[in-house]
Amino acid sequence: MAVIAGVAGSGKSSLMECFCQQFPDEVVYINQKNIGISLRSTPGTYMGVSDDVRKLFAKETKGGLSMFTFNGKGGCPVCGGKGVIVSNMAFMDPVETVCEACGGLRYSPEALYYKVGGLNIAEVMDLTARKAAERFAGTSIERKLLPLIQVGLGYVHLNQGLSTLSGGELQRLKLASYLGSDSKVFILDEPTDGLHVEDIRHIIGLFDKMVEQGNSIFLIEHNLDILKASDYVIELGPAGGRMGGELLFRGRPIEMLHSEHSVTRPYLEADL
């Protein structure tokens, strides 16, 4: 696990992009912009859980598979399963308002009539990943949701729009889809963005586990806890823009304490 450190604009992302271009078939580059987002994109659809929930409802209620998808027969006829009404405002940005017909639930009244375990399809999809995994323990739904919990996203709702997630959350969502892989090289751009201290400790443990499975991880990071937990640090600087791009330090985190050129060293010393 290697950390690419340095002040903003010092060339960290550029360095990793060059590395990725040289080894395009070997590197999984997860930044804060490379997940396709639409009004219909949710953690449930991204992790493939929505399909399993629909199949469960279809099996238990005999209502038919298409009845439990908001992209098909079960979608609200007014908003088309989007949950919102998008109004184009000519020279202004489009305005989204919650669909009054379904109340933002996306489903038709007929689809909401059916229940499994006392919950209708909208109520199941409104569960958090952690609660859904507990409710459907021992099923494929739990198996597909465990990676979300492992990357610290157990609090997101299955039906939550991906557009509401932060860049760091989107990165961890994509990382969740790769858990279990081995012999891969991952690059992540500030994956701890917005994380609580306890969540950062949790994700460090996850990174350690991935390394033990034979993966290599490059983290573009400012977080000192991540830096201290890394095996190797590369620091660029000394400033941003034209004053950046120079190699200030490379080596183990403990060796940074003896570096004369490191800009990060004083912060690391204070933290220790």
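Residues numbered from 1 in each chain as written. Predicted model: local features only at pLDDT ≥ 70, side-chain atom pairs only at ≥ 80, totals over all residues. Heavy atoms only, no water.

Draft legend 1. Expanded view of the sheet that holds strand E1 (residues 2–5). Within the open sheet, the 6 strands sit side by side as E2-E7-E8-E1-E9-E10. Their pairing is mixed. Looking at the sheet topology across the chains shown, the edges are occupied by strand E2 (27–30) and strand E10 (246–251). Averaged over all pairs of adjacent strands, the angle between their axes in this sheet comes to 15°, without regard to strand direction. In this structure, E1 lies alongside strand E9 (residues 232–237), joined through 4 bridges in parallel fashion. The residue of E9 that forms the bridge with Val3 is Val233. Against the sheet, helix H1 (residues 12–22) makes contact with E1, E2, strand E7 (185–189), strand E8 (216–220) and E9, and its axis sits at roughly 150° relative to E2, the strand it touches most. With respect to the sheet, helix H8 (residues 167–176) is in contact with E2 and E7, its orientation differing from that of E7 by roughly 165°. (Pairing = 2+ DSSP bridges. Helix = DSSP H or I, 4+ residues; strand = E, 2+ residues; numbered from the N terminus. Axes fitted to C-alpha atoms, helices over the stretch in contact; angles between N-to-C directions. Contact = heavy atoms within 4.5 Å.)

Draft legend 2. Representation of the pairing of E8 within the structure. Counting buried residues along E8, 4 of its 5 residues qualify, which places the element largely inside the surrounding structure. Of the strand pairs in this sheet, E1 and E8 are connected by 3 bridges, and their pairing is parallel. Within the sheet, the bridge partner assigned to Val3 lies in E8 and is Leu219. Here 5 bridges tie E7 to E8, and the two strands are oriented parallel to one another. Note on E8: the bridge partner recorded for Val185 is Ser216. In the classification by handedness, the crossover that spans E7, the intervening helix H9 (residues 197–212) and the parallel E8 is right-handed. (Buried < 20%, exposed > 50% of the residue type's maximum accessible area, 1.4 Å probe, protein only. Right-handed = clockwise from strand over helix to strand, strands pointing away.)

Draft legend 3. Representation of the pattern of salt bridges within the structure. Under the defined criterion, the tally for this structure stands at 7 salt bridges. Note that Lys228 and Asp225 form a salt bridge whose closest N and O atoms lie 3.6 Å from each other. Of this pair, Lys228 and Asp225 both sit in helix H10 (residues 224–229), 3 residues apart, which is roughly one turn of the helix. One salt-bridge network, in which partners are shared between bridges, spans Asp225, Lys228 and Asp271. (Salt bridge = Lys/Arg side-chain N within 4 Å of Asp/Glu carboxyl O.)

Draft legend 4. View of unusual backbone geometry. Cis peptide bonds are those with omega within 30 degrees of zero, and the linkage from Gly237 to Pro238 qualifies with 5°. Counting through the fold element by element, Pro238 comes out in the loop between E9 and E10. Positive phi outside glycine occurs at Arg106, with the angle close to 80°. The topology assignment puts Arg106 in the loop between strand E4 (92–98) and helix H4 (109–113). Look at Arg106 and you get buried, because its relative accessible area is 10%. Positive phi outside glycine occurs at Glu190, with the angle close to 50°. The residue Glu190 is located in the loop between E7 and H9 in this model.

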